[in-house]
Amino acid sequence: MIGYNGWYTGLYFEGSEKFSGAATIGDSFYMVPERTRSVVGVRFTDGAMTPFNQWPTTSNGQGTLTLGARAFSAGVAVPDGDSSAGGGPSSSSLWLAPHDADHIVKFQPWNNGRMVAYPFLSTDSFSTSSPGYFNAILHVGGYIWLVPNYANMVLQIDATGEVVKGLHSWPVGLDHSGGHFFANAIGTNNDTVWMLSAVGWW
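Residues numbered from 1 in each chain as written. Predicted model: local features only at pLDDT ≥ 70, side-chain atom pairs only at ≥ 80, totals over all residues. Heavy atoms only, no water.

**Some remarks on the overall build of the protein**
- Check the secondary structure of the protein and you find zero helices and 14 strands.
- Written out in order from the N terminus, the α and β elements of the protein read β-β-β-β-β-β-β-β-β-β-β-β-β-β.
- Burial statistics for the protein: of 202 residues in total, 44% are counted as buried.
- Taking as baseline every contact in the protein between residues at least 6 positions apart, the subset at least 24 positions apart corresponds to 45%.
- Put simply, the protein shows about 10100 Å² of open surface, and 51% of that area lies on carbon and sulfur atoms. (Helix = DSSP H or I, 4+ residues; strand = E, 2+ residues; numbered from the N terminus. Buried < 20%, exposed > 50% of the residue type's maximum accessible area, 1.4 Å probe, protein only. Contact = heavy atoms within 4.5 Å. Areas by Shrake-Rupley, 256 points an atom, 1.4 Å probe, with all protein chains shown as cover.)

**Notes on the pattern of salt bridges**
- The tally for this structure, following the rule as stated, stands at three salt bridges.
- The salt bridge involving Arg-43 is made with Asp-46; its shortest N-O contact spans 2.6 Å.
- Residue Arg-43 is classed as partly exposed on the basis of its relative accessible area of 35%. (Salt bridge = Lys/Arg side-chain N within 4 Å of Asp/Glu carboxyl O.)

**Some words on the sheet that holds strand S10 (residues 143-148)**
- With antiparallel pairing, four strands are arranged side by side in an open sheet as S9-S10-S11-S12. Strands with a single pairing partner mark the edges of an open sheet, and in this sheet they are strand S9 (134-140) and strand S12 (163-167). Taken pair by pair, the neighbouring strands of this sheet meet at an average axis angle of 20 degrees, ignoring direction.
- Across six bridges, the pairing between S9 and S10 is antiparallel. Bridged to Val-140 within S10 is Tyr-143. (Pairing = 2+ DSSP bridges. Axes fitted to C-alpha atoms, helices over the stretch in contact; angles between N-to-C directions.)

**Some words on the pairing of strand S4 (residues 49-52)**
- Note: strand S3 (residues 39-43) against S4, four bridges, orientation antiparallel. By the bridge assignment, Val-40 is partnered in S4 with Pro-51.
- Counted between consecutive antiparallel strands, the loop separating S3 from S4 contains five residues, among which Gly-47 sits at a positive phi close to 75 degrees.

**A closer look at unusual backbone geometry**
- Of note, Asn-112 is a non-glycine position whose phi angle comes to about 60 degrees, a positive value.
- Residue classification places Asn-112 among the exposed residues on the basis of a relative accessible area of 74%.

**Points about the sheet that holds S4**
- Strand order across the open sheet formed by four strands is S1-S2-S3-S4, with antiparallel pairing between neighbours. At either margin of the open sheet sits one strand with a lone partner, and together these are strand S1 (19-25) and S4. Adjacent strand axes in the sheet meet at a mean angle of 25 degrees, parallel and antiparallel pairs treated alike.
- Inspection of the sheet shows S1 paired to strand S2 (residues 28-33) by six bridges, in the antiparallel sense. Its bridge partner lying in S2, Thr-24 is registered against Phe-29.

**Details of the packing of aromatic side chains**
- For the structure on display, the rule yields 15 aromatic pairs.
- One aromatic cluster is present, formed by Phe-120, Phe-126, Tyr-133 and Phe-134 through successive ring pairs. (Phe/Tyr/Trp six-rings, centres within 6.5 Å; stacked < 30°, edge-to-face > 60°.)

**Description of the side chain of Thr-36**
- Tracing the chain through its elements places Thr-36 in the loop between S2 and S3.
- On the accessibility criterion, Thr-36 (1% relative accessible area) is buried.
- Looking at Thr-36, its side chain comes within polar contact range of the main-chain oxygen of Lys-18, at 3.4 Å.
- Polar contacts involving the side chain of Thr-36 include one to the main-chain carbonyl oxygen of Ser-38, which spans 3.4 Å. (Polar contact = N/O pair within 3.5 Å; in protein donor to acceptor, adjacent residues only side chain to side chain.)

Below you can see the structure in the form of structure tokens.
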């Protein structure tokens, strides 16, 4: 094992849950901030770290981005449809699943760390009993899927960041009234998302 601790000066840690996930894009992996305030890229060849924290103040004029205490719960690399991306794995973007943050965020390492925020709280019939909205994010069947923690629905997102639909027709007998709904999820080759229950036997 080789350890790397070349944290840059000024990296802000708040609490113990510093990062909540990571994804590979090009020659680096990028760590998802939970109680930190930066996405951190780590280069595979030498462990060099680069922070990215140019958080957008607005999302297409639709509100101010608030990170909250525990900003994001997970991330997934998705090929970027931006015409300037150029194609290939190095031009993928990292999509961040909101835990306490009030927007979904797309981070583009190939575009000087540009970040774009997309609202979701106004989705029709969306509700939550607490912050801690989502626990997992996947790219399956050409869409991005957000798996609920305390939110009352699964969100299906397209590559533009638009919420295609909120799905909440739960099986009879599935009780999610107490929150902490699903712990994680996996996607399959036949475009199915399997969600792993955090409570009960579902």
